[in-house]
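# What the coordinates show
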Amino acid sequence: MKNIVITGGAGFIGSHVVRLFVNKYPEYNIINLDKLTYAGNLANLKDIEDKPNYKFVKMDICDFDAFYQLMQDEKIDGIIHLAAESHVDRSIKDPFTFARTNVMGTLSLLQAAKLYWESLPEKYEGKRFYHISTDEVYGALSMTHPEGIEPPFTTTASSSEHHLAYGEDFFYETTKYNPHSPYSASKASSDHFVRAYHDTYGMPTIVTNCSNNYGPFQFPEKLIPLFINNIRNRKPLPVYGKGENVRDWLYVVDHARAIDVIFHKGTIAETYNIGGFNEWKNIDIIKTVINTVDRLLGRPEGADMDLITYVTDRLGHDARYAIDSTKLQRELGWEPSLQFEEGIEKTVKWYLENEEWLNNITSGDYEKYYESMYKNR
Ligand code: NAD
Ligand code: TYD
């Protein structure tokens, strides 16, 4: 496989995937296809933009004609599809944009790839359409223990390792889809279309569902970078509801490593869950982030706890996500490389050392958007 399109490569996870592929596979031509919405930022890729095996193309994934032309011009063999609208709060305000990009955009890529690949003598041989999705499509898990023990508790229920869990159940590859937010509904729909293109036309597809990512280059509307930025500027930290919702966190570079392994070694038509068995209550993460920022900025540790501000809960706020990634670990030998404490330390350091990146992103339009979101709560 030689000519690979990575969609959404100027975004958070996409930029890590582009960087990994460009550096690791000099023999591949990597095309980063991105519309550069508010979430896309070419500054995320400054370190690799001059590499000979890298090219950026500004394009909307909904533009069928342009993408079909690109498939032909660049003789594309592989597609790693990350472009999406990705923020739950925005999806609650503007669901149409999510349906357009996530559903119609994915369908447009699938159909263009189908037409091009089916026109070749070798057809689908050596081709691959890899769709990146989220654990949020599975819905929400409850926080119960079979014997009524208060969470978190130690479990071996879903992997060979002991780990802390907030409930007895997990998301498996076989878990029935049950999305609640317009974001997760749009991702679920796109996942179904991808699988339908395999089942109907024989397209070689793979879908993966990953837990919450954190790390450098994440747009500061998501919990961890938003709070680091607000603590830095001593602004309120809007905690939704009681801060007791549980998320399962994975360092973004580990997600990119998993994408690399699955793209090359994953079985066609399979689904793989990606996650690090790393569940945290929001409020506990928030306290860890406050302590870390304070320490690294030379403020007394915990000095900024008073920035915590409980605000109206997110509509339809899912209680708990927890991914079982045993299949990926067992079948393809992937495992996370970082402990959460190490990952958070690295992440906070990165944002504090990259003030210019943060300031560029948070100035102007975004500042106005954020103020209005915050005021409306
Ligand atoms: P992001 O919002 O940071 O980046 C999305 C990128 O897609 C941006 O560069 C944006 O410009 C581009 N884009 C948006 N609409 C486009 C369009 N119409 N045409 C072309 N490009 C467009 O998102 P992210 O957090 O990096 O997520 C990437 C993918 O991973 C998404 O599909 C998301 O659903 C999935 N995912 C994210 C997480 C997470 O925690 N962030 C977890 C699991 C799965
Ligand atoms: P987020 O980073 O938006 O990811 P997702 O909704 O995809 O899980 O939010 C992570 C958790 O943090 C989620 O439970 C919502 C909560 N949250 C807040 O409490 N305050 C905030 O300002 C944001 C952005 C999120």
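Definitions and limits used
- Residues numbered from 1 in each chain as written.
- Chains lettered and ligands numbered in written order.
- Predicted model: local features only at pLDDT ≥ 70, side-chain atom pairs only at ≥ 80, totals over all residues.
- Heavy atoms only, no water.
- Near = heavy atom within 4 Å.
- Polar contact = N/O pair within 3.5 Å; in protein donor to acceptor, adjacent residues only side chain to side chain.
- Areas by Shrake-Rupley, 256 points an atom, 1.4 Å probe, with all protein chains shown as cover.
- Helix = DSSP H or I, 4+ residues; strand = E, 2+ residues; numbered from the N terminus.
- Nonpolar A, V, L, I, M, F, W, Y, C, P; charged D, E, K, R; others polar.
- Pairing = 2+ DSSP bridges.
- Axes fitted to C-alpha atoms, helices over the stretch in contact; angles between N-to-C directions.
- Contact = heavy atoms within 4.5 Å.

## Quick notes on the site of ligand 1
Lining the immediate environment of ligand 1, one finds 29 residues, of which Ile13, Asp34, Ser86, Tyr183 and Lys187 sit closest. In the environment of ligand 1, an oxygen atom lies 2.5 Å from a nitrogen or oxygen atom belonging to the side chain of Asp34. Backbone polar atom of Thr37 to an oxygen atom of ligand 1: 3.0 Å apart, as the coordinates give it. With the chains in place, 97% of the 840 Å² that ligand 1 exposes on its own is no longer accessible. Contributions of two or more residues to the shell around ligand 1 are made by helix 1 (12–24), strand 5 (128–134), helix 5 (182–201) and strand 9 (212–214). Looking at the shell around ligand 1 residue by residue, the class counts come to 13 nonpolar, 11 polar and five charged.

## Quick word on the sheet that holds strand 3 (residues 54–58)
Overall, parallel pairing links the seven strands, which are arranged 3-2-1-4-5-8-12 in an open sheet. Edge positions in the sheet fall to strand 3 and strand 12 (271–274), since each of these pairs with one other strand and no more. The sheet shows a mean angle of 20° between the axes of neighbouring strands, taken without regard to direction. Examined bridge by bridge, strand 1 (residues 3–7) and strand 2 (residues 29–34) share five bridges and lie parallel to one another. Note that in strand 2 the partner of Asn3 across the bridge is Asn29. Packing against the sheet, helix 4 (residues 95–118) makes contact with strand 1, strand 4 (78–81) and strand 5, and its axis sits at approximately 170° to strand 5. Strands in contact with helix 5 are strand 5, strand 8 (205–210) and strand 12; relative to strand 5, the strand with the most contacts, it is inclined by about 155°.

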